[in-house]
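One letter stands for each residue in the lines below.
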Amino acid sequence: MKTIGWAAGGLAAAVLLASAGWGMLHPAGGPAANLVGRPAPELVVRGFDGTTVRLSDLRGRPVVLNFWASWCVPCRAEDPALQGAARAYAGQVQFLGVAFKDSDAAARAYAAETGHPYPVGDAVGGVPGGFAVTGPPETLFIDARGTVAARFLGPLDGPALGRYLALVGVGP
């Protein structure tokens, strides 16, 4: 009887260690998409102005892809910097805003209130999982070839935005 107890305990310990090892190699929620250095996944945005923008159609110039929400206070804080840079570097870089986990009415109202100088709207069919967006604000800096040069989590300010734009060849 004592031998059976030790064997069961040993088996339980082995299963626990094997499970822990597997869990360390395969984190919950699937692998985090490290997009930096890889081509950006395809994304189609239906702008609130009725236009449709396909990310792949923007190849040939850098893109700043910003995921935002009307309820997101940090998104509202970074918005003036994004709009200012979009105006300052018009023709050098394309900005594209994607509403993330927001109601259509609230996102449209916010977009109308702020008057973005670049397309903003909803991702057709939702944001593809390849972007691995965890929550707004998140911004991707994509070079002219369509490769993700950098990913920024959280609100951007003017100086940080300038540094990231330089990574995709945009700046004074």
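Here's a quick rundown of the structure.

Each value, and the rule that gives it
- Residues numbered from 1 in each chain as written.
- Predicted model: local features only at pLDDT ≥ 70, side-chain atom pairs only at ≥ 80, totals over all residues.
- Heavy atoms only, no water.
- Core = buried A, V, L, I, M, F, W, Y, C linked by side-chain atoms within 4.5 Å.
- Buried < 20%, exposed > 50% of the residue type's maximum accessible area, 1.4 Å probe, protein only.
- Helix = DSSP H or I, 4+ residues; strand = E, 2+ residues; numbered from the N terminus.
- Contact = heavy atoms within 4.5 Å.
- Arc of directions from axis to C-beta.
- Polar contact = N/O pair within 3.5 Å; in protein donor to acceptor, adjacent residues only side chain to side chain.
- Axes fitted to C-alpha atoms, helices over the stretch in contact; angles between N-to-C directions.
- Parallel < 35°, antiparallel > 145°, perpendicular 65-115°, else oblique.
- Left-handed = near helix turned anticlockwise from the far one by under 90°.
- Nonpolar A, V, L, I, M, F, W, Y, C, P; charged D, E, K, R; others polar.

1. Describing the nonpolar core
- Among the nonpolar cores identified, the biggest contains 27 residues, and Trp68, Phe95, Phe141 and Leu165 are the most heavily contacted of them.
- At the level of elements, strand E3 (63-68), helix H2 (73-88), strand E4 (94-99), helix H3 (104-114), strand E7 (148-153) and helix H4 (158-167) are the ones that each hand at least two residues to this core.
- Ranked by residues supplied to this core, first place goes to H2 with four residues.
- Every residue in contact with phenylalanine 141, bar those within four places of it in the chain, is listed here: Val63, Val64, Thr147, Val148, Ala149, Ala150, Phe152, Leu156, Leu161, Tyr164, Leu165 and Val168.
- If you look at the next biggest cluster of nonpolar residues, it comprises 19 residues, including Val53, Val63, Leu96 and Val148.

2. Describing the environment of proline 74
- Within the secondary structure, proline 74 sits in helix H2.
- Judged by its relative accessible area of 34%, proline 74 is partly exposed.
- Ignoring sequence-local partners within four residues, the contact set of proline 74 consists of Pro137 and Pro155.

3. Regarding H3
- Restricting attention to buried positions, one finds in H3 the residues Ala107, Tyr110 and Ala111. For H3, the arc enclosing every buried residue in end-on projection is 100 degrees, short of the 170-degree limit, so these residues lie on one face. In this structure, H3 carries Ala105, Ala112 and Glu113 as exposed residues pointing more than 90 degrees from its buried face.
- Those residues of H3 that are buried are in contact with E3, H2, E4 and strand E5 (120-123).
- Two residues or fewer after H3 comes glycine 115, characterised by a positive phi angle close to 60 degrees.

4. Some thoughts on the side chain of glutamine 94
- Examined against the element boundaries, glutamine 94 turns out to sit in strand E4.
- Within the local environment of glutamine 94, its side chain forms a polar contact with the side chain of arginine 61, the two groups lying 3.3 Å apart.
- If we skip the residues at most four places from it in the chain, glutamine 94 touches Leu58, Arg61, Pro62, Val63, Val64, Tyr118 and Pro119.

5. Focus on the packing of H2 against H3
- Following both chains from N to C, one finds H2 and H3 inclined at 45 degrees, their axes separated by 12 Å at the closest point. By the criterion of interaxial angle, the relationship of H2 to H3 is oblique. In this structure, H2 meets H3 at a crossing whose hand is right-handed. On H3, the residues touching Cys75, Arg76, Asp79 and Gln83 of H2 are Tyr110, Glu113 and Thr114.
- Of the residues contributing to the contact of H2 with H3, the split by class is two nonpolar, two polar and three charged.

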